[in-house]
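Fold and contact review
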Amino acid sequence: MGKIKLGILATGNIANSMAKAALNLEEAECYAAASRSYEKAKDFADKWGFRKAYGSYEELVQDPEVELIYVASPHSHHYAHAKLCLEHGKHVLLEKAFTVNYTQAEELITMARDKGLLLAEAFWPRYMPTRKMLDDLIEQGEIGEVQAVTADFGAPLSHVERMRNPELAGGALLDLGVYPINFALQIFKSPVHEIQSNAVMSPEGVDHMNGITLTFEDNKIAVLHSNMLAYMRNRGVVYGDKGFIELYEISNPGTIRVFNENKELTASYPAPEQINGYEYELLACVRAIEAGQVECEEMPHSETLRLMKILDEIREQWGFKLPCE
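Residues numbered from 1 in each chain as written. Predicted model: local features only at pLDDT ≥ 70, side-chain atom pairs only at ≥ 80, totals over all residues. Heavy atoms only, no water.

1. A word on the layout of surface pockets
The calculated volume of the largest pocket comes to roughly 950 Å³. In terms of lining, the largest pocket is formed by 34 residues, of which the most central are Gly-12, Asn-13, Ile-14, Ala-72 and Arg-162. Residue assignment for the lining of the largest pocket shows that the elements contributing at least two residues are helix H1 (13-23), helix H2 (38-48), helix H4 (78-87), strand S7 (146-154) and helix H8 (172-187). Considering only residue class, the lining of the largest pocket consists of 13 nonpolar, 13 polar and 8 charged. (1 Å grid on protein atoms, 1.4 Å probe; cavity = no way out; pocket = protein on both sides within 12 Å on 5 of 7 lines; lining within 4 Å. Points joined across faces, edges and corners; volume = space filled by probe spheres on them. Helix = DSSP H or I, 4+ residues; strand = E, 2+ residues; numbered from the N terminus. Nonpolar A, V, L, I, M, F, W, Y, C, P; charged D, E, K, R; others polar.)

2. Here we look at the sheet that holds strand S6 (residues 119-122)
Remark on secondary structure: sheet strands pair via backbone hydrogen bonds, oriented parallel or antiparallel. Read across the sheet, 6 strands follow the order S3-S2-S1-S4-S5-S6 without closing on themselves; strand pairing throughout is parallel. Each edge of the sheet is formed by a strand with only one pairing partner; in this case those strands are strand S3 (52-54) and S6. Mean inter-strand twist for the sheet, computed between neighbouring axes without regard to direction, equals 25°. Bridge analysis of strand S5 (residues 91-95) against S6 gives 4 bridges, and the strand direction is parallel. Looking at the pairing, Val-92 lines up with Leu-119 of S6. (Pairing = 2+ DSSP bridges. Axes fitted to C-alpha atoms, helices over the stretch in contact; angles between N-to-C directions.)

3. Concerning the pattern of salt bridges
Evaluation of the coordinates by the stated rule reveals 19 salt bridges. Across the pair Arg-51 and Glu-29 runs a salt bridge, and its minimum N-O distance is 2.6 Å. Here Arg-51 is found in the loop between H2 and S3, whereas its partner Glu-29 is found in strand S2 (residues 28-34), with 22 residues between them in sequence. Exposure remark for Arg-51: the relative accessible area of 55% places this residue in the exposed category. A salt bridge links Glu-303 to Arg-126, with the shortest nitrogen-to-oxygen separation between them at 2.9 Å. Of this pair, Glu-303 sits in helix H10 (residues 301-318) while Arg-126 is found in the loop between S6 and helix H6 (129-139), placing the two residues 177 residues apart along the sequence. (Salt bridge = Lys/Arg side-chain N within 4 Å of Asp/Glu carboxyl O. Buried < 20%, exposed > 50% of the residue type's maximum accessible area, 1.4 Å probe, protein only.)

4. A word on the nonpolar core
Ranked by size, the top nonpolar core spans 115 residues in total, and within it Ile-181, Val-238 and Ile-245 carry the most contacts. If we skip the residues at most four places from it in the chain, Ile-181 touches Leu-173, Ile-212, Leu-214, Leu-224, Leu-307, Ile-310, Leu-311 and Ile-314. (Core = buried A, V, L, I, M, F, W, Y, C linked by side-chain atoms within 4.5 Å. Contact = heavy atoms within 4.5 Å.)

5. Quick word on the side chain of Ser-226
Tracing the backbone shows Ser-226 in strand S10 (residues 221-227). What makes Ser-226 buried here is its relative accessible area of 0%. A distance of 2.8 Å separates polar atoms of two side chains, one belonging to Ser-226 and the other to Asn-210. Aside from chain neighbours lying at most four places away, what touches Ser-226 is Phe-153, Ala-172, Leu-173, Leu-176, Gly-177, Met-209, Asn-210 and Met-232. (Polar contact = N/O pair within 3.5 Å; in protein donor to acceptor, adjacent residues only side chain to side chain.)

6. Some points on the packing of aromatic side chains
Following the criterion strictly, the structure yields 8 aromatic pairs and no others. For the ring pair Phe-44 and Phe-50, a centre distance of 5.6 Å and an interplane angle of 45° mean the geometry is tilted. Each member of the pair Phe-44 and Phe-50 is classed as buried. With 4.3 Å between their ring centres and 25° between their planes, Trp-124 and Tyr-278 make a pair best called stacked. Here Trp-124, found in the loop between S6 and H6, pairs with Tyr-278, found in the loop between strand S14 (265-270) and helix H9 (279-290); they are 154 residues apart in sequence, far enough to count as distant. (Phe/Tyr/Trp six-rings, centres within 6.5 Å; stacked < 30°, edge-to-face > 60°.)

7. With respect to unusual backbone geometry
Ala-97 follows Lys-96 through a cis peptide bond whose omega is -15°. Note that Ala-97 resides in the loop between S5 and helix H5 (102-115). Unusually for a residue other than glycine, Ala-10 sits at a positive phi of about 90°. Looking at the secondary structure, you find Ala-10 in the loop between strand S1 (4-9) and H1. The phi torsion at Asn-234 lies on the positive side, around 55°, for a residue other than glycine. By the element assignment, Asn-234 lies in the loop between S10 and strand S11 (235-240). Since its relative accessible area comes to 10%, Asn-234 is described here as buried.

Such coordinate-based values are descriptive only and should not be taken to indicate function.
In structure tokens:
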């Protein structure tokens, strides 16, 4: 298989990150970019060296040369845009949050499987080398038996339209809160037994900040927080009976630090050099497509559905229903 021809659907900020990664990979070709206006698509295509620009998403999916489409639209539109791509026979890398609810996610996954197409959630920490580094440290018993996790993620983003607007599935949970929850799910594999959560809602009706406690069936616990009003440490900590492990910047960890029971730093593991971190999920998609798979082993459909089920229950506790549901 030669270079995979990549299409990007929606050309906002996060699309630039994916384009930068793709531009620097031998395995991918920056082939086509689509926006709701041709001018925006053309500017984006010129900036990143895409061969084609389209002023509608329909034109992108109808291009027979496009093989894999990275969907970078707001959460509210993920379901419709991914479905459009799948209906036209395209493999899909769908930005997180995957959809706004479990039902939408399950329908897309069923469609992809029926069509034999790859459908992957672009949850980039799942694909990074640091994920395996952390798993290996835990399996090797560096901090003994793991008992608990804490994680937080936040920054002042309430001025951003997609964050504050319910019509765009805004709020801290679906954009920021997924990172702490995902971090906990990476560590703890057993089913979630109980969820306790609360939120401070904005005047527009989305969550400004939230606190979440997950209790797992094997009696492990995760205490999580996301916030779009304040800067947070964006840190994940794994606690064992012989020490703990810290990851700063849980979305894209730079260093993993290990501490013993006396809170003394015993080891530090820097992350490998990278383009910007987005290359790992793209490379995983290329490998999966070459192998004829409909999911990436780094973020299988079962884990996407596990996360979506938790997000649904949290929002149900708050009485937070989105207009697009």
